[in-house]
Amino acid sequence: MENTKFREIIKPGTNFDFIRFWLVALVISWVLIAIGIGSFIYHGGPNYGIDFSGGVMVHLRFSKPQSIGDIRAGLSTVGLGDSTIQDFGAGSTEYLVRLPVEASETKGISETLTQALATKFGKESFEVLRIELVGPRVGKELRQRAVLAVAFATLLMGAYIWFRFELRFGVGAAIALVHDVLIAAGALSLVNYEIDLTVVAGLLTVVGFSVHDTVIVCDRIRENMRKSRRDSMATIINRSINETLSRTVLTTGTAILVVLSLFFLGGNVIRSFAFTLLVGFVIGTYSSIYIASPIVLWMDPSRGRRNR
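Sequence order as written defines residue numbering, which begins from 1 separately in each chain. Confidence filtering applies because this is a predicted model: local features only for residues at pLDDT of at least 70, side-chain atom pairs given and counted only at 80 or more, and all residues used for totals across whole chains, interfaces and linings. Only hydrogens and water are set aside when side-chain values are computed; all heavy atoms of the structure are taken into account.

Draft legend 1. A look at the overall build of the protein. The helix and strand inventory of the protein stands at 10 helices and four strands. Moving toward the C terminus, one meets the helices and strands of the protein in the order α-α-β-α-β-β-α-β-α-α-α-α-α-α. When a residue's accessible area, from a 1.4 Å probe over protein chains only, is under 20% of the maximum for its type it is buried; when over 50% it is exposed; and in between it is partly exposed. In the protein, buried positions account for 45% of the 308 residues. Any pair of residues with heavy atoms lying within 4.5 Å of one another is described as a contacting pair. For the protein, the share of sequence-separated contacts (at least 6 apart) that also reach a separation of at least 24 residues comes to 79%. Residue exposure ignores everything except the shown protein chains as possible cover, and the areas themselves are Shrake-Rupley values with a 1.4 Å probe. Of the roughly 16,700 Å² of accessible surface on the protein, 61% is carried by carbon and sulfur atoms. Think of it this way: any DSSP run of H or I at least four residues long counts as a helix, any run of E at least two long counts as a strand, and we number them from the N terminus.

Draft legend 2. Spotlight on the packing of helix H1 (residues 22–42) against helix H9 (residues 271–298). Convention adopted: a line fitted to C-alpha atoms gives each axis, helices being fitted over their contacting stretch, and angles between N-to-C directions are expressed from 0 to 180 degrees. Where H1 contacts H9, the two axes come as close as 11 Å, and the packing angle between them is 125°. Relative to H9, the element H1 lies oblique. Crossing angle aside, the handedness with which H1 passes H9 is left-handed. Between H1, through Trp22, Ala25, Ile28, Ser29 and Leu32, and H9, the contact on the second element is made entirely by Ile283, Tyr286, Tyr290, Ile291, Pro294 and Trp298. Three classes are used: nonpolar for Ala, Val, Leu, Ile, Met, Phe, Trp, Tyr, Cys and Pro, charged for Asp, Glu, Lys and Arg, and polar for all others, with Gly counted as polar. Class assignment for the residues of the contact of H1 with H9 results in 10 nonpolar, one polar and no charged. For classification purposes, an angle smaller than 35 degrees is called roughly parallel, one larger than 145 roughly antiparallel, one from 65 to 115 roughly perpendicular, and anything else oblique. By convention, the crossing between two helices is left-handed when the near helix turns anticlockwise from the far helix through less than a right angle, and right-handed when the turn is clockwise.

Draft legend 3. Structural context of the side chain of Thr285. Assignment of secondary structure puts Thr285 in helix H9. The exposure class assigned to Thr285 is buried, which follows from its relative accessible area of 12%. In the analysis that follows, any N or O atom pair within 3.5 Å is treated as a polar contact, provided that within protein one partner can donate a hydrogen and the other can accept it, and provided that, for residues neighboring in sequence, both atoms belong to side chains. A polar atom in the side chain of Thr285 sits 3.0 Å from the side chain of Thr252.

Draft legend 4. Seen up close, the packing of helix H6 (residues 167–190) against H9. Relative orientation of the contacting elements H6 and H9 amounts to 145°, with a least axis distance of 8 Å. Along this stretch, H6 crosses H9, giving a crossing that reads as right-handed. Of the residues that constitute the contact of H6 with H9, the class distribution is 17 nonpolar, six polar and two charged.

Draft legend 5. Expanded view of the nonpolar core. Side-chain atoms within 4.5 Å link the members of a nonpolar core, which is a set of buried Ala, Val, Leu, Ile, Met, Phe, Trp, Tyr and Cys residues. Grouped together as the largest cluster of nonpolar side chains are 52 residues, with contacts concentrated most on Phe169, Ile221, Met233, Ile237 and Phe281. Mapped onto this core, the elements with two or more residues apiece are H1, helix H5 (136–164), H6, helix H7 (197–227), helix H8 (233–265) and H9. Among the elements that line this core, the one with the most residues is H9, at 13 residues. Of all hydrophobic cores here, the second largest spans 17 residues; its members include Val56, Val58, Ile85 and Tyr95.

Draft legend 6. Structural view of empty space enclosed by the protein. Here the term cavity refers to a set of points on a 1 Å grid, laid over the protein atoms alone, in which a 1.4 Å probe fits but cannot get out; the term pocket refers to an open set having protein on both sides within 12 Å along at least five of seven lines, with lining residues being those that place an atom within 4 Å of a point. Grid points are joined across faces, edges and corners, and a volume is the space filled by probe spheres set on the points. Enumeration according to the criterion identifies one cavity of 30 Å³ or more in this entry. Size it by volume and the largest cavity reaches roughly 30 Å³. Lining the largest cavity, in full, are Asp213, Val217, Ile241, Thr244, Leu245, Thr248 and Ile289. At the level of elements, H7 and H8 are the ones that each hand at least two residues to the lining of the largest cavity. A per-class count over the lining of the largest cavity returns four nonpolar, two polar and one charged.

Draft legend 7. Looking closely at the environment of Val217. With respect to the element layout, Val217 can be found in helix H7. Spatially, the C-alpha atoms of Val217 and Ile237 are 8.5 Å apart, while their sequence positions differ by 20 residues. Setting aside chain neighbours within four positions, we find Val217 in contact with Ser240, Ile241, Thr244 and Ser293.

Draft legend 8. View of the pattern of salt bridges. By definition, a salt bridge exists where a carboxyl oxygen of Asp or Glu is found within 4 Å of a side-chain nitrogen of Lys or Arg. What the rule picks out here adds up to 10 salt bridges. A salt bridge links Glu243 to Arg220; the shortest N-O distance between them is 3.0 Å. Taken together, the residues Glu243 in helix H8 and Arg220 in helix H7 connect sequence positions 23 residues apart. Here Arg239 ties to Asp231 by a salt bridge, and the two come within 2.7 Å at their closest N and O atoms. Asp231 gets classed as partly exposed once you look at its relative accessible area, which sits at 26%. Overlapping salt bridges, with partners in common, bring together Arg220, Glu223, Lys227 and Glu243 in one network.

The values reported here are purely geometric and, on their own, carry no functional implication.
Below, the structure written as structure tokens:
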């Protein structure tokens, strides 16, 4: 029989003391959340995309590089000089122009914009790649539904873990998910990415990925609790995390490789989505170890007896 050799990233018998550093991890988490909140305050709140803020968004591609100042000067001739103009990262040839107009003003606004640019640069010097139009009321409803979707997903995941395991596991999973969403949202604000429907899809994916890893760790903790009734809960949790560490590294590592490809090669349209996944997957793995597991330890009813 052929002797097949496997490369082992985590050697059998590895015994890192993860729980020992829970206080350091707690400080790191609060610092990351505080940075995110500070970023929201600095930017005056979330940077909502056209899906949530309402208005008109026009994606333009010019045949030659143009400056934001020249584009704004062209739009000023029709009273649209205060529009938000964003370089889309294609050598100053692609721009997003956002027009935060009222619902009654959206009719014909894109035609007015393109006519103004045609007068400034010429009809053949640019093309309109896409136009998105969302009324303010629809944007508000989408924003509320997005918040509810993320909140319900987090609560349902926590309730499932509670039903599947115990209350303390459910509490740990729910707090870890809230932790992941807060840090991912803060990271989006820090790099000033727009929060739109694709980002919400990313946050929901992060919730699913994070709870998946938490289930694996919790299941091993429960299994080891039955095998080692005399060991302390901290010892059982450490052993369980170490036993699932190889799987965690492999699954998270491969997922991150895919997301990195999406981030660098997927284009600007889905870059914020890929960034959300990238931050969420890393933080989700971290929270399974340093947020959910320590909460299970703190809520262990036999904690005092086991430690004596």
